[in-house]
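Chain by chain, the residues:
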Amino acid sequence: MKKRILTGITTTGTPHVGNYLGAIKPSLELADENSESFFFLADYHALIKTQDTKSIKSSVKDVALAWLSSGLDPNKSYFYKQSDIKEITELSWILTCITAKGLMNRAHAYKAAVADNKSDEDKGINMGLFSYPILMASDILIFNSTHVPVGSDQLQHLEMTRDIAQRFNHLYTKTFNIPEAIVHENNKIIPGIDGRKMSKSYKNIIPLLSDEKTLKKSVAKIVTNSLEPGEPKNPDGCTVFDLYSCFANEAQQSQFKKAYLDGISWGDAKNELFNVINEELLPIRETFIKLDEDKNLVNDLLDAGAEKVRPLAQEMLGELRELVGISKIE
Ligand code: TRP
């Protein structure tokens, strides 16, 4: 059997450099002739985080264009929107009914939300957040994926997916493949402009599809210490350096390290950083501008993608319904 590579991006906010380095680029690089790839927009996951209708819609478009501009070829992969594949949400219910509540209690994202609360531990926590890992398991298992490229923050969700798949296989019959997480080899946390992990929830992103001026502004905002030009600087744990090393080759990195020790000014260091990022993003930005001219493109591609991939989901769900007893009586 061919490998089945699957990954999704939640459609909240503007696609950023962290999505690109952590999900889009490594996933596109994994695809080859011995694999089938499934890349999708997790719009039902977005509903967990926001009730802002407009922002979900615009994010679906932007994330789709981010994938396409970065080189996704819809003729060579399955490219679709989660909500168009109704079988995913149906599977989510079937899996909800075999998943122990205790397993969900242990999810980091849920635990972090509880820990942030003081007197009422349930404050602001919807059931979507609580059962989020089950929806994610459904995304993965509906297509019997074998490999799931994710950032290290998603590893626990993958473990849960494996647990849920095993439980189903044990209760009914071996149906699901047990998928493997693939964490990008130089598994760095991509820092945002404040040094924490780049994330829309921290509002510290560097946007992927912005113009040069905006990119330059984001880079200028990166927080540094107050060492003066001429004073030697430490590249370890420095956000500017960490981001630089996500884009630069070894030789460039060792040169940059030397410049740090020689006391490069923060202004010059940020210029160097801007240059390496811009060099990589320039062709992506140009493709984005071209693709964005065709206002129907994203809808058309996602409709075609849903049509192509949905029969696979329907077949799987048909089998599952039979197995659990939701089918015509005999
Ligand atoms: N939870 C993932 C994130 O926030 C997005 C996602 C949803 C996903 N479903 C998935 C990733 C299935 C991989 C596979 O990054």
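Model, not experiment: these values are computed from the prediction.

What to know about the overall build of the protein
- Each helix and strand counted, the protein has 13 helices and five strands in total.
- Against the compact-globule benchmark of 20 Å for 330 residues, the protein has a radius of gyration of 22 Å, which places it among compact chains.
- Judged by the C-alpha coordinates and their principal axes, the protein covers about 80 × 50 × 40 Å.
- For the protein, with 330 residues in total, the buried portion stands at 48%.

Re the packing of aromatic side chains
- Under the definition given, this model contains 13 aromatic pairs.
- On the numbers, 5.7 Å between centres and 10 degrees between planes, the contact of Phe 241 with Phe 256 is stacked. You can see Phe 241 sitting in helix α10 (residues 239-247) and its partner Phe 256 sitting in helix α11 (residues 250-261), a full 15 residues away along the chain. Residue Phe 241 shares its accessibility class with Phe 256, and that shared class is buried.
- A centroid spacing of 5.1 Å and a plane angle of 75 degrees characterise the contact between Phe 256 and Tyr 260, whose relative ring orientation is edge-to-face. Residue Phe 256 and its partner Tyr 260 are both found in helix α11; the two are separated by four residues, about one turn of the helix. One exposure class covers both Phe 256 and Tyr 260, and it is buried.
- In this structure an aromatic cluster arises from ring pairing among Phe 38, Phe 40, Tyr 78, Tyr 80 and Phe 143.
- In this structure, Arg 196 is placed above the aromatic ring of Tyr 202, and the distance from its NZ or CZ to the ring centre is 4.0 Å.
- Here the basic side chain of Lys 233 rests over the ring of Trp 266, its NZ or CZ set 5.7 Å away from the ring centre.

Regarding the site of the ligand
- Near the ligand, the surroundings consist of 14 residues, among which Thr 10, Tyr 132, Met 136, Asp 139 and Gln 154 are the closest.
- Within the side chain of Thr 10, an N or O atom sits 3.5 Å from an oxygen atom of the ligand.
- One of the side-chain nitrogen or oxygen atoms of Tyr 132 is found 2.5 Å away from a nitrogen atom of the ligand.
- Protein chains shield 88% of the accessible area of the ligand, which is 370 Å² for the free molecule.

The rules we used
Residues numbered from 1 in each chain as written. Predicted model: local features only at pLDDT ≥ 70, side-chain atom pairs only at ≥ 80, totals over all residues. Heavy atoms only, no water. Helix = DSSP H or I, 4+ residues; strand = E, 2+ residues; numbered from the N terminus. Rg over C-alpha atoms; globule rule 2.2 N^0.38 Å. Buried < 20%, exposed > 50% of the residue type's maximum accessible area, 1.4 Å probe, protein only. Phe/Tyr/Trp six-rings, centres within 6.5 Å; stacked < 30°, edge-to-face > 60°. Lys NZ or Arg CZ within 6 Å of the ring centre and 35° of its normal. Near = heavy atom within 4 Å. Polar contact = N/O pair within 3.5 Å; in protein donor to acceptor, adjacent residues only side chain to side chain. Areas by Shrake-Rupley, 256 points an atom, 1.4 Å probe, with all protein chains shown as cover.

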